[in-house]
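Per-entry structural report
Listed below, chain by chain, are the residues.
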Amino acid sequence: MADTAPPLVNRLAEGTSPYLQQHKDNPVAWQSWGAEAFEAARESGRPVLLSVGYAACHWCHVMAHESFENAKIAADMNRLFVNIKVDREERPDIDAIYQQALNLLGEQGGWPLTMFLTPDGEPFWGGTYFPPEPRYGRPGFPQILQAIAEVYENDRARVDKNVGAIADALQRISATLPATDISTEVTDTVAEHLLREVDPIEGGIGQAPKFPQCAALKLLWRAWKRRGQEPFRDAVTNTLTRMSQGGIYDHLGGGFARYAVDNRWLVPHFEKMLYDNAQMIELLTWAWQDTGDPLFEQRVRETAAWSLREMIADADGTGGTPSGAFASTLDADSEGEEGKFYVWSAPEIDAVLGADAPFFKEAYDVTPNGNWEGKTILNRSHAPKMRPASEEKFLAACRDKLVQVRARRVWPGWDDKVLADWNGLMIAALARAAPVFNAPEWLEAARRAFAFVTETMTETDRLKHAWRHGRLAHPGLLDDYANMSAAALALAEATGQSAYVTQAEDWVKVLDRYYWDSDSGGYFLTAADTERLIVRTKSAHDNALPAGNGVMAEVLARLYYLSGKAHYRERAEALIAAFSGQIGRNFFPLASLINANEFLRNAVQVVIAGDPAHTRSRDMIAAVHALCLPDRVLQAVAPGETLPEGHPARGKGPAEDGPAAYVCRGTICSLPITSAEELRGALGAGPSL
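Residues numbered from 1 in each chain as written. Predicted model: local features only at pLDDT ≥ 70, side-chain atom pairs only at ≥ 80, totals over all residues. Heavy atoms only, no water.

**So, the sheet that holds strand β21 (residues 668-669)**
Using the following cut-off: By definition, two strands form a pair when at least two bridges between them are found by DSSP. Helical segments are the DSSP runs of H or I of at least four residues, strand segments are the runs of E of at least two, and each set is numbered from the N terminus.
Ordered in space as β19-β18-β20-β21, the four strands form an open sheet in which the pairing is mixed. Two strands close off the open sheet at either side, each with one partner strand: β19 (632-637) and β21. In terms of strand pairing, strand β18 (residues 604-609) meets strand β20 (residues 660-665) through six bridges, oriented antiparallel. Of the residues in β20, the one forming a bridge with Val607 is Tyr662.

In C-alpha cells, the structure reads:
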C-alpha cells in the first residue's frame, strides 16, 4: 500500500468534547471528523477507521484501555488506516448513519461503534467492541485490522459491492411510504400489541437488557386514559415501581441509570444520562397525577434534586461559576471500575450505620455475599411497596449518612458539555412538573437553562448543538429545535409568558426553511446548508430520545391550538402523513409520532379568563395541573388580552364576579366555570386510582 504522505498525529486535544479529550494521549493518530481527515485517506490510499463512542460508555473505556492505549495495536491502526474519533453525543447525525449501516450488515448496533469506510466516507464493514485477542466469540482487533486492510488493498471489487449494497439500502430506508390514517382504532391496535410485549412480572418492554422506553410507556398510559382498561395502567405503574425500587435507580443520590442488564432492573449499566432522567421525571409525574403514589412523587423530587445538584454545567470548567444549563452524563466507571462509586459491601454499611445497619440492610438487599460481583447494588425490589412513614423516615436518615460517606469516594467522570436537545428535554420536564409539585425552584432552573441556550448557544438566530467551557460546536440539528421548542411551550404554559411561544414560532420558521423535505414531507435531521454526509437522515423513530419529528408533530399541533394559525395544523398533518406508512411495517419505534397524532386530534383547550393573580384563577390553574391530561392545552388570558382568531373561546371573558374557565373540545366550549371543583368535573380527567 503506497503511502508517501507525512505521518499523522493525534489531533483530539484541539476538540472540546470530554470523550475526545479522553483519547488525546492515545498512541493512535486520531483525527477529528472533517474534510482534512478524509483528504488524508485519499492521498494515502488508506481506508478510514471510524470509532464512535461517548464519555460515559463503559465498553468504550474497555476498548480504549485494551486496544487504543496498546502501542502495537495503535501502530497497526496508524499504518493501515486513517483513524477518526467521533463523540456520538456531539455528532448524532454521523452516528445515526453508521449505526444504520451496521444494522444493514446484520450486526446489532451500539457503542463503541467501529466502522471501516472508504476515503469518501462510504461504509463497507464494521462492528462494535472488539477485544485485543479472540474472546467472547469475537475475533481479536489486530486480526480484524489486518483482514480489512488486506481486503481493501487486494479485493476492491468486494469492497465496492458492499459499499453499493449499503448505500442502496440506506436510500431505501429513507424513502417515504404511502400515507395511512392513524385512526383511534389503529392507535388502539398498536397499544394492544405493545401491551403484549410488557413483562407482566418485572415490568419493562421485552427482556434484558431493559431500557426505560418512556415514549412507549406514554402510549400505554394514554391507552389507559382513553379506554379505562386496567392492564394498560398496570403495565406502566408496575414498570415504574420496579424501576424506582430497582438497582437502576440510585437510592442515595437520585437519578436513573441508562438501562439494566437483567430482567429485574437490578444491575444497571451505571452511567446516568440527562435525557433518561428528564423523560422519567415527566412520566412519573403523569403516573403520580393519576395514582397519588408517594413512591412516584419521591422519585420525581429526588431526580429533580439530583439534576440541579450534580448536573449544572460550569461556565468555564473551573467549578466556580455555574452556567445555568445542564451537563450531559455521569460515567459508569470510577477508578477504572464499572459501578465502583455506587456499590457497597455489608461491612461498609455496618461501619457507617452501626446499630441501624440491620434494618437498612434488610430493606436494601444488603447481604454478606452481595448481589453483584461480591458487592451490593442497593435496591428494594424484593419488597417494593413503601413502608410506614416512620420507617421511611428512618431509612432516609440512613441514606443521608451513606451518601455523605459516598461523596468522599472518587467520583465517576462528568461530561459537562451542554447539548441543546438534551437540555430541552430537562427544561420541559421541570417546567411541567414544577406546578404539579409546587416546586418553583424547578421552574426557575428551567428558565435559567432556557435562557442559556437561547442566549449563549445561538449564532445569527440559528441554534448550535453543543457548548463547553465557552466554546460552541456543530450546527443545530432537528432535535435541538424540536426539544427546545417543546421546552419553550412548556415554559409558556407554566409562566403565562407569551414570549416563549414567540420563540418557538421563530424556531419553527428556521426548521421550515432549512430542514423541511419539500418533496416527501417531514424534517431532515440536518440543515440544507450544513455539511453533506453520505445520506441526509430523515426519521421518526424513537431511540433513547424521542424522535425529533415526533416531538415536532406535537409542537406544531400545540402551536396551532395556541395561535389559531391553520398552517401549523397543516404542517403537523403533513409531517405525520410522511411517516404514517411505516406503522404497518414497524410501529414500535413510532410511539412519539403516534402520541402526537392523538394530541392533534383530541386536544382539550382550557382557558382561564381573568386576573391571573386572583385566588380563583390560581385555584383553577392548580386544579388543571393536578390532573393527568396528556392532551391538555392551558391558556391564561389576562384582562385586556384576547384569544387568537379561530379559537373556540375567542370573545369569552371573566364572569361578573371574577375569573372564569372554559373547556373546549373541537369547536365547542363549556359554559363559564367559576370554581376549581367544577373545573375538575368538566375536564372529565378520565380514570384514576
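**Notes on the pairing of strand β17 (residues 471-475)**
For strand β16 (residues 462-468) and β17, the ladder comprises four bridges, and the chain directions are antiparallel. Bridge assignment links Arg468 to a residue of β17, and that residue is Arg471.

**Here's the deal with empty space enclosed by the protein**
Condition: Cavities and pockets are defined on a 1 Å grid built over the protein atoms alone: a cavity is a set of grid points where a 1.4 Å probe fits but cannot escape, while a pocket is an open set with protein on both sides within 12 Å along at least five of seven lines, and lining residues are those with an atom within 4 Å of any such point. Grid points are joined across faces, edges and corners, and a volume is the space filled by probe spheres set on the points. Under the scheme applied, nonpolar residues are Ala, Val, Leu, Ile, Met, Phe, Trp, Tyr, Cys and Pro; charged residues are Asp, Glu, Lys and Arg; polar residues are all the others, including Gly.
As enumerated under the stated definition, the model contains seven cavities of 30 Å³ or more in all. Of the pockets and cavities examined, the largest cavity occupies roughly 150 Å³. Along the walls of the largest cavity sit 17 residues, with Gly247, Tyr249, Asp250, Phe270 and Tyr342 positioned nearest its centre. Quantified by volume, the second largest cavity comes out at close to 50 Å³. Lining the second largest cavity, in full, are Ile182, Ser183, Thr184, Thr187, Arg226, Asn597, Glu598, Arg601 and Asn602. Those elements that provide at least two residues to the lining of the second largest cavity are α8 (184-196) and α22 (591-602). With four residues, the top contributor of residues to the lining of the second largest cavity is α22. By residue class, the composition of the lining of the second largest cavity is one nonpolar, five polar and three charged.

**With respect to the sheet that holds strand β4 (residues 113-117)**
Within a sheet, neighbouring strands are paired by backbone hydrogen bonds and run either parallel or antiparallel to one another. Going by this rule: Note on definitions: a residue-residue contact is assigned when non-hydrogen atoms from the two residues lie within 4.5 Å. Axis definition: a line fitted to C-alpha atoms, limited for helices to the stretch in contact. Angles are taken between N-to-C directions and run from 0 to 180 degrees.
Strand order in the open sheet formed by five strands is β1-β3-β2-β4-β5, and the pairing between neighbours is mixed. Two strands in the sheet have a free side with no partner beyond their single neighbour: β1 (31-32) and β5 (123-127). The pairing of β4 with β5 spans four bridges and is classified as antiparallel. Its bridge partner being in β5, Thr114 is matched across the sheet by Gly127. Helix α2 (residues 35-44) contacts β1, β2 (48-53), β3 (82-87) and β4 of the sheet and is inclined by roughly 160° relative to β3.

**Focus on the packing of helix α18 (residues 478-495) against helix α20 (residues 548-563)**
Stated formally: In this scheme, a crossing is called left-handed if the near helix is turned counterclockwise away from the far one by less than a right angle; it is called right-handed if the turn is clockwise.
Packing of α18 against α20 brings their axes to within 9 Å, and their N-to-C directions diverge by 35°. α20 is crossed by α18, and the crossing has left-handed handedness. The residues of α20 that touch α18, namely those facing Leu478, Asp479, Ala482, Asn483, Ser485, Ala486, Leu489 and Glu493, are Gly548, Asn549, Val551, Met552, Val555, Arg558, Leu559 and Leu562. Of the residues belonging to the contact of α18 with α20, the class tally is nine nonpolar, four polar and three charged.

**Structural notes on the nonpolar core**
Convention followed: Here, nonpolar core means buried Ala, Val, Leu, Ile, Met, Phe, Trp, Tyr and Cys residues that are tied together by side-chain atoms lying within 4.5 Å of each other. We call a residue buried when its accessible area falls under 20% of the maximum for its residue type, exposed when it is over 50%, and partly exposed in between, using a 1.4 Å probe and counting protein chains only.
Counting 172 residues, the largest nonpolar core has Phe141 and Met552 as its most contacted members. The greatest single-element share of this core, amounting to 12 residues, is contributed by helix α16 (residues 420-436). With near-sequence residues (within four places) excluded, Met552 lies in contact with Leu478, Ala482, Val508, Leu511, Tyr523 and Leu575. One finds Ala40, Val52, Val86 and Ile166 within the second-largest nonpolar core, a separate group that totals 23 residues.

**Looking at helix α3 (residues 58-68)**
Burial runs high along α3: eight of the 11 residues are buried. Taken together, the buried positions of α3 are occupied by His58, Cys60, His61, Val62, Met63, Ala64, Ser67 and Phe68.

**A look at the packing of helix α10 (residues 230-245) against helix α11 (residues 274-291)**
The condition that has to hold: Note on terminology: angles under 35 degrees are roughly parallel, angles over 145 are roughly antiparallel, angles of 65 to 115 are roughly perpendicular, and the others are oblique.
It is at 11 Å that the axes of α10 and α11 come closest, and there the two elements cross at 120°. Classified by the angle between their axes, α10 and α11 sit oblique to one another. Seen from above, α10 lies across α11 with left-handed handedness. Seen from α10, the contacting residues are Thr237, Leu240, Met243 and Ser244; seen from α11, they are Met280, Leu283, Leu284, Ala287 and Thr291. Grouping the amino acids of the contact of α10 with α11 by side-chain chemistry returns six nonpolar, three polar and no charged.

**Overview of the state of the cysteines**
How we decide: Only a pair of cysteine sulfur atoms within 2.5 Å counts as a disulfide in this structure description.
Under the defined criterion, the tally for this structure stands at two disulfides. Between the sulfur atoms of Cys664 and its disulfide mate Cys669 the distance is 2.1 Å. On the sign convention where negative is left-handed, the bridge of Cys664 and Cys669, at about 105° about the S-S bond, is right-handed. Sequence-ordered numbering of the disulfide-bonded cysteines in the protein chain gives the connectivity 1-2, 3-4.

**Some thoughts on unusual backbone geometry**
Apart from glycine, the bulk of residues carry a negative phi angle, and the bulk of peptide bonds sit in the trans form. Here the residue pair Trp111 and Pro112 is connected by a cis peptide bond, since its omega of 5° sits within 30 degrees of zero. If you trace the backbone, Pro112 turns up in the loop between α5 (92-104) and β4. The amide bond that connects Ala208 to the next residue, Pro209, takes the cis arrangement and shows omega of -5°. For Pro209, the location among the structural elements is in the loop between α8 and α9 (214-227).

**What to know about α20**
Note the threshold: Expected helix span is taken as 1.5 Å per residue step, with the number of steps being one fewer than the number of residues.
The end-to-end C-alpha distance of α20 is 22 Å, a good match for the 22 Å that 16 residues give at a rise of 1.5 Å each. Within α20, 14 of the 16 residues are buried, which leaves the element mostly enclosed by the surrounding structure.

**Observations concerning the pairing of β18**
As a reminder of what qualifies: Whether a crossover is right-handed comes down to one check: with the strands pointing away from the viewer, does the path from the first strand over the helix to the second run clockwise; if it does, it is right-handed.
In terms of burial, β18 is largely enclosed, as six of its six residues are buried. In β18, alternate side chains face the same way, and those of Val604, Val606 and Ile608 on one face and Gln605, Val607 and Ala609 on the other are all buried. By the bridge criterion, six bridges tie β18 to β19 in an arrangement that is parallel. Residue Val606 lies in a different strand from β19, and its bridge partner there is Leu634. This β-α-β element, β18 to helix α23 (residues 615-625) to β19, shows right-handed connectivity.

**A few points about the packing of aromatic side chains**
Rule in force here: Think of it this way: a Phe, Tyr or Trp ring, Trp meaning its six-membered ring, pairs with another when their centres are within 6.5 Å, and the plane angle makes it stacked under 30 degrees, edge-to-face over 60, tilted otherwise. A ring is considered to have a charge above it if a Lys NZ or an Arg CZ atom is located within 6 Å of its centre and within 35 degrees of its normal.
Under the definition given, this model contains 31 aromatic pairs. Site record: aromatic cluster; members linked through ring pairs are Trp30, Phe68, Phe81, Phe116, Trp125, Phe130 and Phe141. In this arrangement the basic side chain of Arg233 is found over the ring face of Trp224, its NZ or CZ atom lying 5.1 Å from the centre. Here the guanidinium or amino end of Arg571 rests over the ring plane of Trp516, the centre of that ring lying 3.8 Å away.

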